[in-house]
Amino acid sequence: MKTKKISGSEAVLLSLLEEGVDTIFGYPGGAIMPVYDLLYDYQDKINHILTRHEQGAAHAAQGYARVSGKVGVCMVTSGPGATNLTTGLADAMLDSTPIICISGQVHAPLLGSDAFQETDVMGFSMPITKWNIQVTKAEDIPGAIAKAFFIATTGRPGPVMIDITKDAQFAEFDYSYERCNDVRSYVPRPILQMEYVEKAADLINNAKKPMALVGQGVILSGAEKEMLAFLEKAGIPAAWTLLGASSIPTDHPLNVGMLGMHGNYGPNIKTNECDLLIALGMRFDDRVTGKVDTYGTLAKIVHFEIDPAEVNKNVIADVAVIADIKETLEAILPLINQNKRDEWLNQFKIAYQYEYDKVIKNDLHPEKEELTMGEVVRRVNERMNGEAICITDVGQHQMIASRYFKFKNTRSLVTSGGLGTMGFGLPAAFGAQTGAPDKTVVLFVGDGGIQMTIQELGTIAQNKAKIKIILLNNNFLGMVRQWQQLFFDKRYSSTELVNPDFITIAKGFGIDGNTVETRDKLDAAIDEMFNFDGPFLLEVKVEKEGNVFPMVAAGASVSDVRLD
Amino acid sequence: MEEKEFTLIAFSENSIGLLNRLTIIFTRRHLNIESLTVSESAIQGIYKFTVVVKASKTLIEKVVKQIEKVVDVLKAFYLCEDEIIYQEIALYKVPTEAVTRSNEIEALVRKHNARILEITPDYTAIEKTGHKDETQHLFDDMKKFKVMQFTRSGRVAITKARRERLSEYLHKLDTEKLTVERS
Ligand SMILES: Cc1ncc(C[n+]2csc(CCOP(=O)(O)OP(=O)(O)O)c2C)c(N)n1
């Protein structure tokens, strides 16, 4: 093997290059300066993007990973640099996003001495990473990075943290790189057991009223085509989780909508009429199941899942196939009987019509004077026709966007699902645009959430990322206000905001923008935004006290989905 | 669901922080660890964790899966009391004066199948292996002699099943996972 003597810092960059990294989101500081110094020499190969806060770097890496399927890489300094990543790590952990964060650390002899900007990175990142490692010797850097990429990207993906002491960054050693393809104690791809596939096929072939529950596992495994082949052959209606959104095109005849708390009426109400629920790479989160005791009461459950720890965690499966979902779907397809369940599918259409009349019509084509979030999403759809990537922050607008955004292509919704992180949207949109430079990236964000990471407008401006930011301003922390209205006697405790002039702020960052308050100006404003060559902030003043329905209240049964 | 005592055994690589990673799994579920023993297993370089916890069966099953999910853990499983042979060791220090004053302590040592490790003019060190209630019993019996120190180890356990599960697992490791092709 060829070796050459280089510094630990250079080894970090060469190792990243070996793994195909060309973009890093980060923020420099004392303990990582040796690596930043070398980044200066590697500018032609690695694009380092300076965010305005390390949390922004983490979310940007997530957005990048989610749209591109590649690993998102972050680099930060020790102490506060590292701790600022926590929210991003926790978010990536819950949403199975492959990111690798590299933090500088104090010199190894100072570890544990409360040296300047020392913090226990291993300790705090342990519960929120798939794997983490502290490197104190330069020669261990390539191995750590190789292992990190293997672990982050295989099996159920997740975040990895690498903490490198400053002396290891300076030290020189004989560098060589070998990609990691095996870790003895780690089983990234459990072997598919045909026995269970056959049992599952049996249940599926004999089901009268099956429904598929499509999760992000399908996207992470790249199994969208296999899923469609399976659904179409078996004639099974498919509902998706928030993170499974866009894995099946919006207008596919078997797509019956979103699951869960603010999901569509049909899939929620039908959950307790189904005789079979087929979970495809999803984990029965409580936001999907509502009260578990009353979930799928008549249904047998088939669970296709790569992570054994998810099987029988929240819901007991009658048959589980623990394997990569793509393999499972390929294996089961020949065993599935061709079927058309027109009558069953028709019931979803009836449920949709019911929801349309009660909720959707008023959201998308309101007759009241004030603008609704729904109609803004509808206008974006009319303009983009499913070709854009949708990013959301967290709150009412997130649910409205996920419900109504039109998807043609997979990996087109990036949202913080498991952690529900306000402030995720703006940096994630930037990361997504970086990961999909040729796509139109549309961010829906609330007036609360945008202020959590608003400094990333600076990153967007500096990098001329052409993000279309749609700020749905209701002057409230809307989702919390909705709960206060419905469950706390309208006692609006600390949810009303006195907001800044967002357009002035955007302009201060060098980003163009416009505000629209009336319906007659909405179309033109959206056109102006999309026609503008560059980032644009469109603030839409929407009704202050709009609510998101349908809603399965926390702790309620999916059968008790409310429409008003 | 009813809580029971389980012995959870995990085999792992010898990596820094692993104990922390495992205890986090208990802490997150508000589970108290009754006892914990960590040492090198029969296979060099592989470490064995023996954890005693009180929990419901459904919870312990989930905990085992979460432990097994930890990258550096090779294998984890849980066992009920009737599936293992286990011991703890306890050490007691009593004043030698109390030993020589009467033959009561000697009688206790005999009765409890304990043994004397060391006698000095000041103290006598006694060792007893057994289950917790047994080592506790001896402690209670000796209390009146003013036990100067008492300490008890965590549990060590072997399974009644014929083969050690780890070797089985290590054997299967190569056959049970596919190599991952990455682009
Ligand atoms: C970091 C963080 N803090 C608090 C919350 C709780 N929370 C969930 S939704 C929400 C309101 C969001 O308000 P806004 O950003 O204005 O969006 P809207 O709901 O009005 O669309 C809050 C406070 C959260 N999810 N994340």
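Reading the values: the criteria
- Residues numbered from 1 in each chain as written.
- Chains lettered and ligands numbered in written order.
- Predicted model: local features only at pLDDT ≥ 70, side-chain atom pairs only at ≥ 80, totals over all residues.
- Heavy atoms only, no water.
- Helix = DSSP H or I, 4+ residues; strand = E, 2+ residues; numbered from the N terminus.
- Buried < 20%, exposed > 50% of the residue type's maximum accessible area, 1.4 Å probe, protein only.
- Contact = heavy atoms within 4.5 Å.
- Near = heavy atom within 4 Å.
- Polar contact = N/O pair within 3.5 Å; in protein donor to acceptor, adjacent residues only side chain to side chain.
- Areas by Shrake-Rupley, 256 points an atom, 1.4 Å probe, with all protein chains shown as cover.
- Pairing = 2+ DSSP bridges.
- Axes fitted to C-alpha atoms, helices over the stretch in contact; angles between N-to-C directions.
- UniProt positions renumbered as here; feature names shortened; annotations may be inferred.
- Core = buried A, V, L, I, M, F, W, Y, C linked by side-chain atoms within 4.5 Å.
- Domains from an automatic or database assignment.
- Parallel < 35°, antiparallel > 145°, perpendicular 65-115°, else oblique.
- Left-handed = near helix turned anticlockwise from the far one by under 90°.
- Nonpolar A, V, L, I, M, F, W, Y, C, P; charged D, E, K, R; others polar.
- Patch = residues over 30% accessible without salt bridge, like charges linked within 9 Å, V, L, I, M, F, W, Y side chains within 5 Å.
- Salt bridge = Lys/Arg side-chain N within 4 Å of Asp/Glu carboxyl O.
- 1 Å grid on protein atoms, 1.4 Å probe; cavity = no way out; pocket = protein on both sides within 12 Å on 5 of 7 lines; lining within 4 Å.
- Points joined across faces, edges and corners; volume = space filled by probe spheres on them.

A. Examining the overall build of chain B more closely. When helices and strands are counted, chain B shows six helices and nine strands. C-alpha extents for chain B along the principal axes are approximately 80 × 40 × 30 Å. A buried classification covers 43% of the 183 residues belonging to chain B. For chain B, restricting intrachain contacts to residue pairs at least 6 apart in sequence, the fraction spanning at least 24 positions comes to 75%.

B. Up close: the site of the ligand. Residue and element names in this part refer to chain A. The environment of the ligand is made up of 18 residues, and the closest members are Gln396, His397, Gly420, Gly449 and Gly478. For the ligand, an oxygen atom lies 2.8 Å from a polar atom in the backbone of Gln396. The contact in question runs from an oxygen atom of the ligand to an N or O atom on the side chain of Asp447, over 3.1 Å. Bound to the protein, the ligand loses 76% of the 590 Å² it would expose on its own.

C. Local environment of the sheet that holds strand E11 (residues 255-258) of chain A. Residues and elements named next belong to chain A. If you trace the six strands from one edge of the open sheet to the other, you get E11-E10-E9-E12-E13-E14, paired in parallel fashion. Both edges of this open sheet fall to E11 and strand E14 (319-322), since each of them pairs with a single strand only. In this sheet, neighbouring strand axes are inclined to one another by 15 degrees on average, regardless of whether the strands run parallel or antiparallel. Here strand E12 (residues 276-280) runs beside strand E13 (residues 300-305); their pairing, made up of five bridges, is parallel. Residue Leu280 lies in a different strand from E13, and its bridge partner there is Phe304.

D. Main features of the sheet that holds strand E15 (residues 389-392) of chain A. Residue and element names in this part refer to chain A. Taken in spatial order, the six strands make up an open sheet running E16-E15-E17-E18-E20-E19, and their pairing is parallel. Every other strand in the sheet has two partners, leaving strand E16 (413-414) and strand E19 (512-516) as the edge strands with one partner each. Sheet strands touched by helix H18 (residues 425-435): E15, E16, strand E17 (441-446) and strand E18 (468-473). Its angle to E17, the strand with the most contacts, is close to 175 degrees.

E. Structural context of the UniProt feature "domain: ACT" (unreviewed entry) in chain B. Under the UniProt annotation, the feature "domain: ACT" (unreviewed entry) is placed at residues 7-81 of chain B. The span residues 7-81 of chain B shows a helical share of 32% and a strand share of 43%, and its end C-alpha atoms are spaced 7 Å apart.

F. Region of the structure containing the nonpolar core. Residue and element names in this part refer to chain A. Grouped together as the largest cluster of nonpolar side chains are 82 residues, with contacts concentrated most on Leu231, Leu280, Phe304, Phe444 and Val540. Counting contributing residues, this core receives three or more from each of domain 2 (194-348) and domain 3 (369-541). Apart from the residues within four sequence positions on either side, Leu280 is in contact with Ala212, Leu213, Val214, Gly215, Val218, Met227, Phe304, Ile325 and Leu329. Counting 48 residues, the second-largest nonpolar core is a separate cluster that includes Leu89, Val121, Phe124 and Ala428.

G. The packing of helix H1 (residues 8-18) of chain A against helix H7 (residues 141-153) of chain A, seen in detail. Residues and elements named next belong to chain A. Running from N to C, H1 and H7 point in directions that differ by 30 degrees, and their axes come no closer than 9 Å. In terms of orientation, H1 and H7 fall into the roughly parallel class. For the crossing formed where H1 meets H7, the hand is right-handed. From H1, Gly8, Ala11, Val12, Ser15 and Leu16 reach across to H7, where they touch Ile141, Pro142, Ile145 and Phe149. Of the residues belonging to the contact of H1 with H7, the class tally is seven nonpolar, two polar and no charged.

H. Spotlight on a nonpolar patch on the surface. A grouping of Leu19(B), Leu36(B) and Val38(B) is seen on the molecular surface, where their side chains present a nonpolar patch of about 210 Å² in accessible area. Locating Val38(B) in the fold gives a position in strand E2 (residues 33-40).

I. Expanded view of the domain arrangement of chain B. On domain assignment, one finds that chain B holds domain 1 (4-79) and domain 2 (85-152). Here the C-alpha centroids of domain 1 of chain B and domain 2 of chain B sit 31 Å apart.

J. Molecular detail of unusual backbone geometry. Residues and elements named next belong to chain A. Between Phe549 and the following residue, Pro550, the backbone shows a cis peptide bond with an omega angle of -5 degrees. Within the fold, Pro550 resides in the segment after strand E20 (536-541). Backbone geometry at Gln117 places phi at a positive 60 degrees, although glycine is not the residue there. Mapped onto the elements, Gln117 comes out in the loop between strand E5 (99-105) and helix H6 (121-125). In this model, Asn312 sits at a positive phi of 65 degrees, which is unusual for a non-glycine residue.

K. Focus on empty space enclosed by the protein. All names here are of chain A. In the structure shown here, the tally under the stated rule is two cavities of 30 Å³ or more. Considered as a void within the structure, the largest cavity measures approximately 120 Å³ in volume. In terms of lining residues, the largest cavity is bounded by 13 residues, among which Met373, Ile400, Glu543, Gly546 and Asn547 are the most central. Within the residue set of the lining of the largest cavity, elements represented by two or more residues are helix H16 (373-384) and helix H17 (396-404). Residues that form the lining of the largest cavity fall into these classes: four nonpolar, six polar and three charged. A volume near 70 Å³ is recorded for the second largest cavity. Around the second largest cavity, the lining residues are Arg66, Gln216, Ile219, Leu243, Ala245, Arg411, Ser412, Leu413 and Val414.

L. View of the pairing of strand E3 (residues 46-55) of chain B. Residues and elements named next belong to chain B. Summarising burial for E3: eight of the 10 residues are buried, a large majority. As judged from the 10 bridges shared by strand E1 (residues 4-13) and E3, these two strands associate in the antiparallel manner. Bridge assignment links Ala10 to a residue of E3, and that residue is Phe49. Bridge count for E2 against E3 is seven bridges, and the pairing is antiparallel. By the bridge assignment for E3, Ser35 is matched with Val52. In this antiparallel pair of consecutive strands, E2 and E3, the connection spans five residues, and Gly45 shows a positive phi of 90 degrees.

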